[in-house]
Amino acid sequence: MRITVLTGGIGGARFLRGLRQTVGPAADITVIGNTGDDIDLFGLRVCPDLDTVMYTLGGGIDETQGWGRATETWSAKAELAAYGAEPDWFGLGDKDLATHLVRTRMLAAGRPLSSVTAALCARWQPGVRLLPMTDDRVETRIEVERDGRRRTVHLQEYWVKLRAALPARSVVLVGADKAVPAPGVLDALGSADVILLAPSNPVVSIGTILAVPGIRAALATAAAPVVGLSPIIGTGPVRGMANQVLQAVGVAATASAVAGFYGSRRDTGVLDGWLVDSSDAGQVGQVAASGIVCRAVPLWMTDVATTTSMAQEALLLAKEVRGA
Ligand code: FO1
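A. View of the layout of surface pockets. One number sums up the size of the largest pocket: a volume of about 830 Å³. I10, D37, D49, W67 and W159 are the residues nearest the centre of the largest pocket, which is lined by 41 residues in total. Where the lining of the largest pocket is concerned, the elements lending two or more residues are helix 1 (10-23), helix 2 (48-58), helix 4 (94-108) and helix 6 (155-161). The residue inventory of the lining of the largest pocket, partitioned by class, reads 22 nonpolar, 13 polar and six charged.

Structure below.
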C-alpha cells in the first residue's frame, strides 16, 4: 500500500509514528513536510518540521518537548549568549546544530533541500520517504498588531518569541506563489492508494503545503481517497497556535470548521473523509452535510498505542470512502 501524508511538526510526527506502526515495514509511506517554518539563524538553515519528523521517526527526538534532540546539551547557546548574539529567543542545541551545519553545507554546495533531506535521513532511517513540500524558499509570516500598528514577523518569532500572545491579523506565505513542488511530491500524490492530512496546523502547516502551486490540484484530482484528522479537540488545538491563525483566516477553532476550511472534494476542496475526536461527535452531522464522510474516534495522541489506533481509523475511513 502506498500512503502519502501531508504534515507539519510535532503532532504530525507523532501521528506518523503510529501510522508506521499500524502498517508495518512493507507499506510505502511518503511524507510531504511543511517548510514554511524554516528559518536562517547564525548562517544556518533550520528546518523545524522536517527535523521533527526525522528525529521522531528516527528515535532521536526529545519526547517531552516534541522538538529537538533527546539528551541535548546547550553549550553553544550559552556561548552565543555570552557574546550577546541575537536572536537569543530560539534555542539550537549542540546535537541539533550538527544537523543544521551539515544541511547548510550541502545547500551551499548547490544540493536542493530534497536531496539534502534524503542525505540526513540516511542517518536517521525514519522508515518513510521524507520530502520537503518544495526546494524553493517559502517563509510563513504572521501579521501582528500592537498599539494599532501592524507588521509581519517570521512564524518562529510569532510562536517562540511572542508566544502567540499578540492577535494574528493575517498569514503571509512569502514565495509560495512562485514555489514548485519538490521532486517526487506530485508523483507521491498521483500514485498513492491513500492520502492523509496529519493532525497538524491547518493554516500554517497543511495550508502552507497546499499553497505550493500544483499540490492542491494534485489532491483534488488524485485517484486515492483523502482523509484528514482534526488537530482541534473541543475548542482548542491539541498543541500549538491553531486558534490564533485560524482566527486570522476567519475560521472558528472547531473540528467541523476546520473540515469546512479544507472543504469537500465534491466541491472545490481536498477532503473525502474527516476524523474528529469522540468528544466532538456532535459535529459529525454538520461535517457530513458538507459532503465529507466523518467519524468520531479518540484523537488524543497520549501514547504510541492510541496513536496507532488513530492511524487504523484513518485507513479504515479511507477504505470506506473509496468504496462509497
Ligand atoms: N520551539 C520553542 O518553543 N522554542 C525554541 O527555542 C525552539 C527551538 C527549535 C529548534 C529547532 C527545531 O527544529 C525546533 C525548535 N522549536 C522551538 C520548535 C518550533 O519552533 C515549532 O514548534 C515548529 O516550527 C512549529 O511546527
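There's more to say after this.
B. Here's a closer look at helix 1. Look at helix 1: 20 Å from first C-alpha to last across 14 residues, which is about the 20 Å you get at 1.5 Å a residue. Buried residues dominate helix 1, accounting for 10 of its 14 residues. Those residues of helix 1 that sit buried are G11, G12, A13, R14, F15, L16, R17, G18, L19 and V23. Looking at the buried side of helix 1, the elements it contacts are strand 1 (2-7), strand 2 (28-33), helix 2, strand 9 (194-197), strand 10 (226-229) and helix 13 (304-323). One or two steps after helix 1, the chain reaches G24, where phi turns positive at roughly 75°.

C. The arrangement of the pairing of strand 14 (residues 293-297) in detail. Relative to strand 14, strand 13 (residues 273-277) runs parallel, the two being bridged by five bridges. Within the sheet, the bridge partner assigned to W274 lies in strand 14 and is C294. Each parallel crossover has a hand, and the one from strand 13 via helix 12 (residues 284-289) to strand 14 is right-handed.

D. Main features of the packing of aromatic side chains. Inspection of the entire model under this criterion finds four aromatic pairs. Judged by centre distance (5.3 Å) and plane angle (65°), the ring pair of Y55 and W124 falls under edge-to-face. Here Y55 is found in helix 2, whereas its partner W124 is found in helix 5 (residues 113-124), with 69 residues between them in sequence. There is no split in this pair, since Y55 and W124 are both buried. When the ring of F261 is compared with that of Y262, the centres are 6.0 Å apart and the planes differ by 45°; the resulting orientation is tilted. Grouping aromatic residues by their ring pairs yields a cluster made of F261, Y262 and W274. Lying over the aromatic face of Y55, R69 brings its terminal NZ or CZ to 5.6 Å of the ring centre. Its end group placed over the ring of W159, R163 keeps NZ or CZ at 5.8 Å from the ring centre.

E. The environment of T208, seen in detail. Summarising the element assignment, T208 is placed in helix 8 (residues 206-210). Residue classification places T208 among the buried residues on the basis of a relative accessible area of 0%. Considering only alpha carbons, one finds T208 and K319, 111 residues apart in sequence, at a separation of 27 Å. What T208 contacts, discounting residues up to four positions off in sequence, is N34, G36, M133, V138, T140, L173 and V203.

F. Highlighting the side chain of S114. For S114, the position within the fold is in helix 5. For S114, the contacting residues outside a window of four places in its chain are P132, D135, A182 and P183.

G. Highlighting the site of the ligand. What surrounds the ligand is a group of 13 residues, the closest being D37, D49, G91, Q156 and R163. At 2.8 Å from an oxygen atom of the ligand is found a main-chain nitrogen or oxygen belonging to G91. Separating an oxygen atom of the ligand from a side-chain N or O atom of Q156 is a distance of 2.6 Å. Under a 2 Å grid-point criterion requiring more than half of the atoms, the pocket assigned to the ligand is the largest pocket. Only helix 2 and helix 6 provide two or more residues apiece to the shell around the ligand. At three residues, the largest contribution of residues to the shell around the ligand is made by helix 6. Per-class residue counts for the shell around the ligand are seven nonpolar, two polar and four charged.

Reading the values: the criteria
Residues numbered from 1 in each chain as written. Predicted model: local features only at pLDDT ≥ 70, side-chain atom pairs only at ≥ 80, totals over all residues. Heavy atoms only, no water. 1 Å grid on protein atoms, 1.4 Å probe; cavity = no way out; pocket = protein on both sides within 12 Å on 5 of 7 lines; lining within 4 Å. Points joined across faces, edges and corners; volume = space filled by probe spheres on them. Helix = DSSP H or I, 4+ residues; strand = E, 2+ residues; numbered from the N terminus. Nonpolar A, V, L, I, M, F, W, Y, C, P; charged D, E, K, R; others polar. Expected span 1.5 Å × (residues − 1). Buried < 20%, exposed > 50% of the residue type's maximum accessible area, 1.4 Å probe, protein only. Contact = heavy atoms within 4.5 Å. Pairing = 2+ DSSP bridges. Right-handed = clockwise from strand over helix to strand, strands pointing away. Phe/Tyr/Trp six-rings, centres within 6.5 Å; stacked < 30°, edge-to-face > 60°. Lys NZ or Arg CZ within 6 Å of the ring centre and 35° of its normal. Near = heavy atom within 4 Å. Polar contact = N/O pair within 3.5 Å; in protein donor to acceptor, adjacent residues only side chain to side chain. Sits in = over half its atoms within 2 Å of the grid points.

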